[in-house]
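Residue strings, one per chain:
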Amino acid sequence: MNAFDLALSRLRPRLPSPLEPVEDERLTRHGLRLLLKRDDLIHPELPGNKWRKLALNLRAADGRPVLTFGGAYSHHLRATAAAGRLLGFDTIGVVRGDELAGRPLNPSLAGCAADGMRLVFVDRATYRAKNDPEVLARLLAQSPAGTYVVPEGGSNALAVQGCVELGRELSGAADVVAVACGTGGTLAGLAAGLDAGQRALGVPVLKGGFLGAEIRALQTAAFGGPRGAWSLDDRFHCGGYARTTPALEAFAQDFEARHELAIERLYVAKMLYGLVALAEEGAFAPGTRIAAVTTGPRS
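Residues numbered from 1 in each chain as written. Predicted model: local features only at pLDDT ≥ 70, side-chain atom pairs only at ≥ 80, totals over all residues. Heavy atoms only, no water.

Q: Quick question: what am I supposed to make of the packing of helix 8 (residues 157–169) against helix 10 (residues 211–223) here?
A: Helix-helix packing: each pair is described by the crossing angle between the helix axes and the interaxial distance. Between helix 8 and helix 10, the shortest axis-to-axis distance is 8 Å and the interhelical angle comes to 85°. Here helix 10 runs roughly perpendicular to helix 8, going by the angle between their axes. Of the residues in helix 10, those touching helix 8 at Ala157, Val160, Gln161 and Val164 are Leu218, Ala221, Ala222 and Phe223. (Axes fitted to C-alpha atoms, helices over the stretch in contact; angles between N-to-C directions. Helix = DSSP H or I, 4+ residues; strand = E, 2+ residues; numbered from the N terminus. Parallel < 35°, antiparallel > 145°, perpendicular 65-115°, else oblique. Contact = heavy atoms within 4.5 Å.)

Q: Sorry, what's going on with the pattern of salt bridges here?
A: Here the structure, examined in full by the defined rule, presents 24 salt bridges. Salt-bridge contacts for Arg38 lead to Asp40; the nearest nitrogen and oxygen are separated by 2.9 Å. As far as burial versus exposure is concerned, Arg38 and Asp40 are alike and both buried. Its salt-bridge partner being Arg258, residue Asp254 comes within 2.6 Å of it at the nearest N-O pair. Here Asp254 and its partner Arg258 are both found in helix 11 (residues 246–259), 4 residues apart, which amounts to about one turn of the helix. (Salt bridge = Lys/Arg side-chain N within 4 Å of Asp/Glu carboxyl O. Buried < 20%, exposed > 50% of the residue type's maximum accessible area, 1.4 Å probe, protein only.)

Q: For this particular structure, what's the right way to read the sheet that holds strand 5 (residues 118–122)?
A: Whenever strands of a sheet pair, they do so through backbone hydrogen bonds, lying parallel or antiparallel. The 4 strands are arranged 5-4-3-6 in an open sheet whose pairing can be described as parallel. For this open sheet the edge positions go to strand 5 and strand 6 (148–149), each flanked by a neighbour on one side alone. Pairing of strand 3 (residues 66–70) with strand 4 (residues 91–96), which is carried by 5 bridges, proceeds in the parallel orientation. Within the sheet, the bridge partner assigned to Phe69 lies in strand 4 and is Val94. (Pairing = 2+ DSSP bridges.)

Q: Explain helix 12 (residues 268–281) here, please?
A: An α-helical turn contains 3.6 residues, so a residue and the one three or four places further along point in the same direction. With 14 residues, helix 12 ought to run about 20 Å at 1.5 Å a step, and its terminal C-alpha atoms sit 20 Å apart, in line with that. Helix 12 sits mainly inside the fold: 10 of its 14 residues count as buried. Those residues of helix 12 lying buried are Val268, Ala269, Lys270, Met271, Leu272, Gly274, Leu275, Val276, Leu278 and Ala279. Check the buried side of helix 12 and you find it contacts helix 2 (25–28), strand 2 (33–37), strand 7 (176–181), strand 8 (199–204), helix 11 and strand 10 (289–293). Directly beyond the C-terminal end of helix 12, a positive phi value near 80° is found at Gly282. (Expected span 1.5 Å × (residues − 1).)

Q: Help me understand the layout of surface pockets in this model?
A: Empty space among the atoms becomes apparent when a probe as large as a water molecule is rolled across them. By volume, the largest pocket amounts to about 980 Å³. Contributing to the lining of the largest pocket are 40 residues, with Arg96, Glu152, Gly182, Thr183 and Leu206 lying nearest its centre. Among the secondary structure elements, those contributing two or more residues to the lining of the largest pocket are helix 3 (49–61), strand 3, helix 4 (75–87), helix 6 (124–128), strand 7, helix 9 (185–193) and helix 10. Here the residues of the lining of the largest pocket are counted per class, giving 14 nonpolar, 16 polar and 10 charged. (1 Å grid on protein atoms, 1.4 Å probe; cavity = no way out; pocket = protein on both sides within 12 Å on 5 of 7 lines; lining within 4 Å. Points joined across faces, edges and corners; volume = space filled by probe spheres on them. Nonpolar A, V, L, I, M, F, W, Y, C, P; charged D, E, K, R; others polar.)

Q: What should I look at first to understand the packing of helix 8 against helix 9 in this one?
A: Where helix 8 meets helix 9, the axes come as close as 6 Å, and the angle between the chain directions of the two elements is 50°. Accordingly, the angle class assigned to the pair helix 8 and helix 9 is oblique. By crossing handedness, the relation of helix 8 to helix 9 is classed as right-handed. Contact residues: helix 8 offers Val160, Cys163, Val164, Leu166, Gly167 and Arg168, while helix 9 offers Gly185, Thr186, Ala188, Gly189, Leu190, Ala192 and Gly193. (Left-handed = near helix turned anticlockwise from the far one by under 90°.)

Q: What should I look at first to understand helix 10 in this one?
A: Between its first and last C-alpha, helix 10 extends 18 Å over 13 residues, near the 18 Å set by a 1.5 Å rise per residue. Listed in full, the buried residues belonging to helix 10 are Leu211, Gly212, Ile215, Leu218, Gln219 and Ala222. Down the axis of helix 10, the sector holding all buried residues measures 125°, keeping them to one side. Where the residues of helix 10 are buried, they touch helix 8, strand 7, helix 9, strand 8 and strand 9 (230–232). Positive phi shows up at Gly224, right after helix 10, with a value of about 85°. (Arc of directions from axis to C-beta.)

Q: Is there a simple way to explain the side chain of Asp40 in this structure?
A: Residue position: Asp40 is located in the loop between strand 2 and helix 3. A distance of 2.9 Å separates the side chain of Asp40 from the side chain of Arg38, its partner in a polar contact. Separated by 2.7 Å, the side chains of Asp40 and Thr294 make a polar contact. (Polar contact = N/O pair within 3.5 Å; in protein donor to acceptor, adjacent residues only side chain to side chain.)

Everything listed here is a matter of geometry and, on its own, says nothing about what the molecule does.
And the structure:
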């Protein structure tokens, strides 16, 4: 074990994460069993898919500065900044929206700054071109030598490989595993780790219908080709990333009251809302065991 692996191990991640049955009559009346895969309990500051997606990337960075990307409410930026503070490496966050530079920081970005992340605000056209070699070269020219780049949402081949273990932890425990999707890396790895006969269901939290191609590209980068059975349902994004609706908020509050469990709104609530809607539609056969991955930080 090298020095950085040792430092990661000292953070004491809770792995495998707990799998907790939840009795919810909106599913049980259709003969369905709901279990929560509590990835939000892996680590208080690096919860859920953030730990799984970052761990192998941070090992590759090996203590070098890390530059990454996200929107104003990015859980990924928040987790990367926390990792930098906990493990002692510098972080640079490229934030979508140069208009934000002159405004007070929202709680998410304020947390990043408090953890020592240098925030770089760019206009939306530049952000869309963030993977262009010339744009990336300009950003790196303003960063320390040797800076390691992690893509938006942390999703690359290493992140996908890190999420394979999530599927393996659910071996034999569920028939369908549902996860909310931002950039698709978690679903790409989860599906690869599941057993034959299990399938993964992704609930995108962004609109646009682009995610299927992204997941296929990530699996090709990680494994050389497609892996596992997976599908997407694009109907539950509630207007797009960081958007909610009164119906979603009412659902989340009701779920919290029923189960005495705080529900993160931007990812987890949308996924659970989708599962209840699909159950009402008869999308799952009676007897189906559904594991819902709680990826986001607790509210």
